[in-house]
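# Descriptive structure summary
Spelled out, the chains give:
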Amino acid sequence: MPSELLKAINPATGEWLKDIPSTTIEEVHHIYESAQKGYKVWKEFSIKKRLTYLKKLRLVMTDELDEISRQVSSNTGKVVTEALIADVIPTVDGIFHLEKHAEEVLSRKKVKTPTLFKGKKSYIEFMPRGVVLIISPWNYPLNLSMIPMISALVGGNCVILKPSEVTPLVGEVIERLFKRAGFPEGVVQVAHGDKEIGAALTSGNPDYIFFTGSVRTGKIIGEIAAQKLIPTTLELGGKDPMIVFEDANIERAVKGATWGAFTNSGQVCMSTERLYVHESVYNQFIEQLQKEVTSITRGHTEDSDLGSMTFPAQVDIVKAHIQDALEKGAKLICGDPPEKWDQTMFLPLTVLANVTQEMKIIKEETFGPILPVMAFQSEEEVIKRCNDSEYGLNASVWSRDLSLAQRVASQLESGSVVINDVISSVANHYLPFGGVKSSGIGRYHGIEGLTSFCHQKSITVDKGNKKTELQWFPYKGKYPILLSLFKNYFRDNRNWGKVLKDYYKINKKH
Ligand code: ADP
């Protein structure tokens, strides 16, 4: 069957960029076969050797920084500066991080062996899982594909990437970058296509699935994977709260809220989607926020602050959430009601007040340039309201009193919390990233981001000189000695003399 074409469009201008041939369902089987062949070669490479390929990838990307950023920008509608700082650079930095730390994280780990296992040694090895299927979204199409890819690769896995059909040009960019870096055949494959290809790949034979996208699709993939006992990491949505206490640096908090809510037009799983401001500074905050938000410049030039939405279908969700809020009594502080919007993908930056916890804008992920603001009275109340959510990906707490901020951070049901800043934790490769509740299952980045792509293999070594073991047959005459041994072993002041005496008695006896 001839393959369909995926249209890469610049959503900011409507300009057609390129047609990218979709992978066909018939090719899926072949992709898995190639991956298996690639895996046989790749898993035998030492981590050091795998890292030489990743280093090459870093150098290729550094060489093409401008070109990659412009391609990401053209296919997403985000401004080129945001493509560079939030999509491309955290990816290159992620490779850099692995070059420095992966070998240590994934090398053999000696662990202690309890005295009851006298004479043995124990260690853990990290064994690759095999073929890792990565399904990625359109909002940070480079980073959310490449970080799991490089993390899986360094552990000795092969990778099949199914990038989002909404940003197919970026899928092609990723394919080109890995080709230029010279990875062996079958080690990295990119299957272009829509959800049907994604579904066919999921039903193929992956050893691990790493999915980033909507809760709805995450549940579908999780269900299919569970049938086959395929382990998964699911990185899903968020409804991240920001809490501003009365002693916060208001100027900074206003700027932080504006960036946190509107960067990438709010199409960020960790964007600020709920803002709670202490009632004593609420009016002052709203006034400054209005000024700050209206100063943001829109466009698609190097100097513009903010580009367009990426995915047309997302516009309808954003509209529905604003309409629902306005119907239920919310008040527009910035922006126009949806009926006044033009037909472009540059949605007005919207700030809403008089918002209640029952509105869609507070309950459901919006993924658009909207910031609902609410006043709160007490620490206890605001924590309760923040936690009253299906999601728990990220949150931010703003206060000059760091002990207060840390106390609140500890009580938030969230995968990450940032104090006096927003979003940035995801770019710290030392920190694990992932959600609680409907925001997802599993973690990546940090140590777990590498180890999760491997089986942890536990190895126990005995020199094999002793004739027998405590627990081996025959049991005849052993029970009273074992009782005495365990009694002396587990009592408060362990009696080592007696333990050892019983231990040798058993060994001698058998
Ligand atoms: P988003 O709203 O961010 O596009 P989706 O969950 O719809 O979130 O899509 C994220 C990724 O999942 C995309 O690459 C998409 O093609 C893929 N996808 C969507 N539905 C399925 C499915 N049923 N099986 C596998 N992949 C899917």
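Notes on the structure in this doc start here. These numbers were taken from a predicted model, which means no experiment stands behind them.

### Digging into the pairing of strand 1 (residues 5-9)
- Only one face of strand 1 is covered, namely the one carrying L6 and A8; the face carrying L5, K7 and I9 has none of its residues buried.
- As paired elements, strand 1 and strand 2 (residues 16-21) share 5 bridges and run antiparallel to each other. Its bridge partner lying in strand 2, A8 is registered against K18.
- Connecting the antiparallel pair strand 1 and strand 2 is a turn made up of 6 residues, with G14 showing a positive phi of about 80°.

### Section: the packing of aromatic side chains
- Here the structure, examined in full by the defined rule, presents 18 aromatic pairs.
- For the ring pair W138 and F367, a centre distance of 5.6 Å and an interplane angle of 80° mean the geometry is edge-to-face. One end of the pair, W138, is in the loop between strand 5 (131-135) and helix 5 (143-154); the other, F367, is in the loop between helix 12 (360-363) and strand 14 (370-376), and 229 residues separate them in sequence. F367 matches W138 in its accessibility class, with the two residues each being buried.
- Counting every residue linked through ring pairs, the aromatic cluster contains W42, F45, Y53, F178 and F183.
- Above the face of the Y140 ring, K78 is positioned so that its terminal group lies 3.8 Å from the ring centre.
- The side chain of R108 reaches across the aromatic face of Y123, ending 4.1 Å from its centre.

### Focus: the sheet that holds strand 3 (residues 109-111)
- The strand order 3-4-18 describes an open sheet built from 3 strands, whose pairing is antiparallel. The strands lining the two open edges of the sheet, one partner per strand, are strand 3 and strand 18 (454-462). Averaged over all pairs of adjacent strands, the angle between strand axes in this sheet comes to 30°, irrespective of strand direction.
- Where helix 4 (residues 80-106) meets the sheet, it contacts strand 3, strand 4 (120-128) and strand 18, and its direction lies at approximately 40° from that of strand 3.

What counts and what doesn't
- Residues numbered from 1 in each chain as written.
- Predicted model: local features only at pLDDT ≥ 70, side-chain atom pairs only at ≥ 80, totals over all residues.
- Heavy atoms only, no water.
- Buried < 20%, exposed > 50% of the residue type's maximum accessible area, 1.4 Å probe, protein only.
- Helix = DSSP H or I, 4+ residues; strand = E, 2+ residues; numbered from the N terminus.
- Pairing = 2+ DSSP bridges.
- Phe/Tyr/Trp six-rings, centres within 6.5 Å; stacked < 30°, edge-to-face > 60°.
- Lys NZ or Arg CZ within 6 Å of the ring centre and 35° of its normal.
- Axes fitted to C-alpha atoms, helices over the stretch in contact; angles between N-to-C directions.
- Contact = heavy atoms within 4.5 Å.

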